[in-house]
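Each chain is listed here by its residues.
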Amino acid sequence: MKKFVEEWYNDSEYVEVKTSGSTGEPKRMMVEKRMMLNSARITCDFLGLKPGDTALLCMSTDYIAGKMMVVRSIERGLKLISVEPSGHPLANNYQLSARLCRLAQPRIVNCQLDFAAMVPMQVYNSLQVPEERERLMAIRHLIIGGGAIDDAMEAELRKFPNAVWSTYGMTETLSHIALRRISGPEASEWYIPFPTVKLSTTDEGCLAIDAPEVCADTLTTNDIVELKPDGRFRVMGRKDNVICSGGIKIQIEEVERELKPYVRVPYIISKKKNEKFGEIVVLLTEGDTDEARAICEEHLPKYHRPKLYQHIDQIPLTETGKPARQKILELISR
């Protein structure tokens, strides 16, 4: 965090960030500090955060999610608590950041958290330990991003007493531009865009984002969405995750969701070029391929069933824990 804070307070109007690399190699880009402050203000306003509220930084500031937690604390005057990024961010008491909280020296405190941002893996781990689960439940606003939220986890979070949100966004939009409530009676499968964001869809059904306060140009995503007239939307899958097999379009994420209740080991759906079908469905699993085949034949529609099953010791992931789908495609092609 220290390196980013120094970069933030230097004379440049820009900050360097890098993308997660979930669909290719990570790339570096320069973004305006002014727009990062705009993004921070919009989020803090949406959640009703006010000066003096306490926020937890538990993600690396190498990426936009961690950077934006620092910027939100600066913009809104939040008390920022910094812990070493790990799979168990709530395992210990918290160390208050002296520079941002204007304390003479860092000290160990045990306090109520008003705001925290985590990836699904951190939330999952915290739910498994009673003490950490209790601390997780006490967070007033918890936002979760950086990957898909498992159905079972979402069902568990729905019972939480405070606000839990799934985020939608990317590095290019300086973190999220929409939130979806997971917990309580307001839980929904639809994302709500921030008031300053205008959304539309392309001819292919992909989401286009017009968010001038955080991104100078309209951004066309690869996410296929269902968009309501009031701006709410839900994500169906990615355009580049469509398998065209024998004239039938198959959404990779849909097949993965269908298998999720039955497969207990890490797995991923991908595709491979095929002379007869154009493309075929491929399943990579860290488990037994015969067992995976039996599950697919029992629970998947015929046209969703993989035509190739392959064991792999470890599913390739990006640095932020997302499936490295481009690397997986390259692996399959070899």
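So, here is what we can say about the structure in this document. Model, not experiment: these values are computed from the prediction. (Residues numbered from 1 in each chain as written. Predicted model: local features only at pLDDT ≥ 70, side-chain atom pairs only at ≥ 80, totals over all residues. Heavy atoms only, no water.)

### A word on the nonpolar core
- Core analysis: the largest hydrophobic core is formed by 65 residues, its most contacted members being Met 36, Leu 56, Met 118, Leu 136 and Leu 157.
- With six residues, helix 2 (residues 33-47) is the single largest residue contributor to this core.
- Filtering out sequence-adjacent residues up to four positions away, Leu 157 remains in contact with Val 123, Leu 127, Ile 144, Val 164, Ile 182 and Ser 183.
- Ile 252, Tyr 267, Val 281 and Cys 296 belong to the second-largest nonpolar core, a separate cluster that totals 15 residues. (Core = buried A, V, L, I, M, F, W, Y, C linked by side-chain atoms within 4.5 Å. Buried < 20%, exposed > 50% of the residue type's maximum accessible area, 1.4 Å probe, protein only. Helix = DSSP H or I, 4+ residues; strand = E, 2+ residues; numbered from the N terminus. Contact = heavy atoms within 4.5 Å.)

### A short note on the pattern of salt bridges
- Following the criterion strictly, the structure yields 20 salt bridges and no others.
- Here Arg 181 makes a salt bridge to Glu 186, at a shortest N to O gap of 3.5 Å.
- Note on Glu 186: relative accessible area 54%, which makes it exposed.
- The partner of Arg 238 in a salt bridge is Asp 240, with the nearest N and O atoms 3.2 Å apart.
- Taken together, the salt bridges that share partners define one network made up of Lys 50, Asp 53, Asp 114 and Arg 140. (Salt bridge = Lys/Arg side-chain N within 4 Å of Asp/Glu carboxyl O.)

### A short note on the packing of helix 5 (residues 120-128) against helix 6 (residues 130-138)
- At a minimum axis distance of 5 Å, the contact between helix 5 and helix 6 shows a crossing angle of 120°. As summarised for this structure, helix 5 and helix 6 are arranged oblique, according to the angle between their axes. Of helix 6, the residues touching helix 5 (which contributes Val 123, Asn 125, Ser 126, Leu 127 and Gln 128) are Pro 130, Glu 132, Arg 133 and Leu 136.
- The class makeup of the residues in the contact of helix 5 with helix 6 is four nonpolar, three polar and two charged. (Axes fitted to C-alpha atoms, helices over the stretch in contact; angles between N-to-C directions. Parallel < 35°, antiparallel > 145°, perpendicular 65-115°, else oblique. Nonpolar A, V, L, I, M, F, W, Y, C, P; charged D, E, K, R; others polar.)

### Observations regarding the packing of aromatic side chains
- Per the counting criterion, the structure on display carries six aromatic pairs.
- Here Phe 4 and Trp 8 contribute two aromatic rings whose centre-to-centre distance is 6.2 Å and whose plane-to-plane angle is 50°, an arrangement assigned as tilted. Here the residue Phe 4 and the residue Trp 8 both occupy positions in helix 1 (residues 2-8), the gap between them amounting to four residues, near one helical turn. Trp 8 shares its class with Phe 4; the two are buried.
- Among the aromatic side chains, those forming a connected cluster through ring pairs are Phe 46, Trp 165 and Phe 194.
- The residue whose ring lies beneath Arg 180 is Tyr 191, and the NZ or CZ to ring-centre distance is 5.4 Å.
- Above the ring of Trp 190, the side-chain terminus of Arg 232 is found at 5.9 Å from the ring centroid. (Phe/Tyr/Trp six-rings, centres within 6.5 Å; stacked < 30°, edge-to-face > 60°. Lys NZ or Arg CZ within 6 Å of the ring centre and 35° of its normal.)

### Some words on the packing of helix 2 against helix 3 (residues 64-76)
- Taken N-terminus to C-terminus, the directions of helix 2 and helix 3 make an angle of 75°; their axes are 8 Å apart at the nearest point. Regarding the angle of helix 2 to helix 3, the classification is roughly perpendicular. For the pair formed by helix 2 and helix 3, the contact residues are Met 36, Leu 37, Ser 39, Ala 40, Arg 41, Thr 43, Cys 44 and Asp 45 on the first element and Ile 64, Lys 67, Met 68, Val 71, Arg 72, Glu 75 and Arg 76 on the second.
- Here the residues of the contact of helix 2 with helix 3 are counted per class, giving seven nonpolar, two polar and six charged.

### Section: helix 3
- For helix 3, with 13 residues, the first-to-last C-alpha span of 18 Å sits near the 18 Å given by 1.5 Å per residue.
- Taken together, the buried positions of helix 3 are Ile 64, Gly 66, Lys 67, Met 68, Met 69, Val 70, Val 71, Arg 72, Ser 73 and Arg 76.
- Where helix 3 terminates, the next one or two residues include Gly 77, which has phi positive at roughly 70°. (Expected span 1.5 Å × (residues − 1).)

### Quick look at the pairing of strand 19 (residues 278-285)
- The buried fraction of strand 19 amounts to seven of the eight residues, a majority that puts the element mostly inside the structure.
- The pairing of strand 18 (residues 267-274) with strand 19 spans eight bridges and is antiparallel. Directly across from Tyr 267, in strand 19, lies its bridge partner Thr 285.
- Between strand 18 and strand 19, which pair antiparallel one after the other, the connecting turn spans three residues.
- With four bridges joining them, strand 19 and strand 20 (residues 308-311) adopt parallel strand pairing. Note that in strand 20 the partner of Leu 284 across the bridge is Gln 310.
- In this fold, the crossover linking strand 19 to strand 20 by way of helix 9 (residues 289-299) has right-handed handedness. (Pairing = 2+ DSSP bridges. Right-handed = clockwise from strand over helix to strand, strands pointing away.)

### Observations regarding the sheet that holds strand 13 (residues 206-210)
- The sheet built from four strands is open, its strands ordered 12-13-14-15 with antiparallel pairing. Only two strands of the sheet have a single neighbouring strand rather than two, namely strand 12 (198-201) and strand 15 (233-238). Averaged over all neighbouring strand pairs, the angle between strand axes comes to 50°, with direction disregarded.
- Of the pairings in the sheet, the one linking strand 14 (residues 219-227) to strand 15 comprises five bridges and is antiparallel in character. Bridge pairing in strand 15 places Ile 224 opposite Gly 237.

Honestly, that's just the spatial picture; any functional story needs more than this.
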